[in-house]
Amino acid sequence: MYCVKKVLNNNAVLAVDLRRKEEVIFLGKGVGFNKKVNQPFEDPKSVKKYHLQKETSKGPSDKLISAVDPVYLEIANDIIRLSEEKFKAVDTNILLPLADHIAFSIVRMNSRMDLSNPFSEDIRLLFEEEYAIAEKGREIIRERTGYSIPDDEVSYITLYIHSALSDTQVSQSLKIPVIIRESIERIEKECGVRIDRGSFAYNRLLYHIKCMLARVHNNEKLNSDMIEFTKEKCAYAFEVAGEICEKLSHELGEQFTEKEVSYLALHIERIRSA
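Every chain's residues receive numbers from 1 upward, in the order its sequence appears when written. Thresholds applied to this predicted model are a pLDDT of at least 70 for local features of residues and 80 or more for the giving and counting of side-chain atom pairs; totals over whole chains, interfaces and linings are not thresholded and use all residues. No hydrogens and no water enter the side-chain calculation; it runs on all heavy atoms of the structure.

Novice: Which residues make up the UniProt feature "domain: PRD" (unreviewed entry) in the chain, and what are the values?
Specialist: UniProt positions are given in the numbering used here, feature names are shortened, and annotations may be inferred rather than shown by experiment. Sequence positions flagged by UniProt for "domain: PRD" (unreviewed entry) are, in local numbering, residues 67-171 and 172-274. Each helix is a run of DSSP H or I of at least 4 residues and each strand a run of E of at least 2, with the numbering of both proceeding from the N terminus. In residues 67-171, the share of helix is 74% and the share of strand is 0%. The end C-alpha atoms are 22 Å apart.

Novice: Got a sec to walk through the sheet that holds strand β3 (residues 22-27)? Specific residues and values, please.
Specialist: Any two strands with at least two DSSP-identified bridges between them are counted as paired. Spatially, β4-β1-β2-β3-β5 is the arrangement adopted by the five strands of the open sheet, whose pairing is antiparallel. Pairing within the sheet leaves two strands with one partner each, and these edge strands are β4 (40-41) and β5 (48-51). The sheet contact formed by strand β1 (residues 2-9) and β4 spans two bridges and is antiparallel. Bridging across to β4, C3 finds its partner in P40.

Novice: Give me the lowdown on the domain arrangement of the chain, citing residues and values where you can.
Specialist: Start and end positions for the domains come from either an automated domain assignment or a database one. Domains assigned within the chain are domain 1 (1-51), domain 2 (53-168) and domain 3 (171-273). Each of domain 2 and domain 3 has a C-alpha centre, and the two are 28 Å apart. For the domain 2 and domain 3 pair, buried surface summed over both sides reaches about 1300 Å², with 67% attributable to carbon and sulfur atoms. Considering only the surface of domain 2 that becomes buried against domain 3, F119, D122 and L126 emerge as the three largest contributors, covering 44% of it. By convention in these notes, a salt bridge is any Lys or Arg side-chain nitrogen within 4 Å of a carboxyl oxygen on Asp or Glu. Applying the counting criterion to the domain 2 and domain 3 interface returns one salt bridge. In this structure, the salt-bridge partner of R181 is D122, at a minimum N-O distance of 3.1 Å. Nitrogen and oxygen atoms within 3.5 Å of one another constitute a polar contact, given that in protein one can donate a hydrogen and the other can accept it, and given that sequence-neighbouring residues count only through two side-chain atoms. Linking domain 2 to domain 3 there are three residue pairs in polar contact (both at pLDDT 80 or more). Grouping the amino acids of the side of domain 2 that touches domain 3 by side-chain chemistry returns eight nonpolar, four polar and two charged. By convention, the term buried area covers the 1.4 Å-probe accessible surface removed from two parts as they join, with the contributions of both added. Each residue is assigned to one class: nonpolar for Ala, Val, Leu, Ile, Met, Phe, Trp, Tyr, Cys and Pro, charged for Asp, Glu, Lys and Arg, and polar for all the others, Gly among them.

Here it is in structure tokens:
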């Protein structure tokens, strides 16, 4: 049994779960129609239900709900639905932070503020499937608001989707392309080479890092064992790979084995030798 706390609009209701003593948002067509504050009602099975945390990465839930236009909650809900269709298990706690981010991106567009994301292309390559969902989200935003967000903003939405799949904060997800970019810039500087962004070698490196992150997160073992060979023949690349894995481990709380370090080192060595 639920009790209406606030009708956000015809398609969104903030309610209290009387059994669990928790706040819940119901999102779905007509769920708020004719609802009144303090009105009790049964669980409507045809709409999406979100149990709210008291605190989110963007602040207290009650403040976010009051500050965000319900249309952005509906947009975030649609993006979560698409993510669940594709990936099945999705952390729905991104609802409020994602809605707030989309709302603020529209404010920035109206104010002609800079929406640039210097890591946009790296994010697209690292999180390709999530980016595809975010692109569908862009179309949903355009249909609901009349605004077409740029690619850089699609990349930020990608990070929210990735964080909902990997149990990480959005800020952590963003640090992955930052660490990779810094490491590649170090290789360029110390080795006197230029690694073109978007080149086959660069894209392949990002792809292999993506696979490495997935293996480590899913606790999958890497069969290849070339640790001693890589240490001896690719000493510099092994050093750089070790530092990359150490930084990623610190940011993500994941443990990278020497097999993973040597695997990454081989791909760094290919770039250096290209």
